[in-house]
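Descriptive structure summary
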Amino acid sequence: MSSVSTRWSIIDSATAVHRVECQSLAQDADDGPADAALNGLDDQVVGYGLEARRAYDELKRTIGQVAGLLILAQAGGRRDAFDLPALRRAEAVQEEALDRVRRLAAPARLAAHRQRMLQAAELAGRALRALGDVAIVAGEIDLTQASNDLTRAYAVLQSTSESVFGMTMVDFRHACCTCGAMKR
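To keep things clear, this report deals only with the structure shown in the data block. Predicted, not measured: the structure shown is a model, and the values here were computed from it. (Residues numbered from 1 in each chain as written. Predicted model: local features only at pLDDT ≥ 70, side-chain atom pairs only at ≥ 80, totals over all residues. Heavy atoms only, no water.)

1. Concerning the layout of surface pockets
- Quantified by volume, the second largest pocket comes out at close to 170 Å³.
- As for the second largest pocket, its lining consists of 13 residues, and the residues nearest its centre are Val45, Leu110, His113, Glu162 and Phe165.
- Looking at the lining of the second largest pocket, the element that brings in the most residues is helix H4 (residues 43-76), giving 3 residues.
- Class assignment for the residues of the lining of the second largest pocket results in 7 nonpolar, 4 polar and 2 charged. (1 Å grid on protein atoms, 1.4 Å probe; cavity = no way out; pocket = protein on both sides within 12 Å on 5 of 7 lines; lining within 4 Å. Points joined across faces, edges and corners; volume = space filled by probe spheres on them. Helix = DSSP H or I, 4+ residues; strand = E, 2+ residues; numbered from the N terminus. Nonpolar A, V, L, I, M, F, W, Y, C, P; charged D, E, K, R; others polar.)

Below, the structure is given as structure tokens:
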């Protein structure tokens, strides 16, 4: 029996996109960057990249949560979607990410990267605050400001993506097409 098949139960495999024997399941979604990719990078860059990834993941999660809340509000046409505990959790994650980015010690050549991470964190915070200011105008919920800030936060965060450190907007390691690619 392979190590992959012992990690997954029948229930797990029923909900997975991959077959149980697929090698992509052998990797955890939270795996850090591959050691080989870090060879040749100085310790400051590696330290920065590993810590920046934590903030990146928190910001990605915040952006996803805000997007979900916007969809709920738009679909329901009501502000009560913002009374959900999910908004408080998103605010807490965003604040943690902002604090983490502020504490990042970026090597000189990565100062611009850190600045973009800070901008993304601040824009995500603005989007969250804009949710509290959402108004109903002529019977329609106005999500313009929150949506605009969220769109900008996503674009800025996307510009900070760095695959060497696992900082990618979408994790394709568990994509459905991985199984097929392995057979070729």
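2. Observations regarding helix H5 (residues 85-103)
- Taking 1.5 Å per residue as the helical rise, H5 with its 19 residues ought to reach 27 Å, and the 27 Å between its terminal C-alpha atoms agrees with that figure.
- Buried residues in H5 make contact with H4 and helix H6 (111-132). (Expected span 1.5 Å × (residues − 1). Contact = heavy atoms within 4.5 Å.)

3. Some details on the packing of H5 against H6
- Contact geometry for H5 and H6: axes closest at 9 Å, N-to-C directions at 155°. Judged by the inter-axis angle, H5 sits roughly antiparallel to H6. For H5 against H6, the interelement crossing comes out left-handed. For the pair formed by H5 and H6, the contact residues are Leu87, Ala90, Glu91, Gln94, Leu98, Val101 and Arg102 on the first element and Arg114, Met117, Leu118, Ala121, Glu122, Ala124, Gly125, Leu128 and Leu131 on the second.
- Classifying every residue of the contact of H5 with H6 gives 10 nonpolar, 2 polar and 4 charged. (Axes fitted to C-alpha atoms, helices over the stretch in contact; angles between N-to-C directions. Parallel < 35°, antiparallel > 145°, perpendicular 65-115°, else oblique. Left-handed = near helix turned anticlockwise from the far one by under 90°.)

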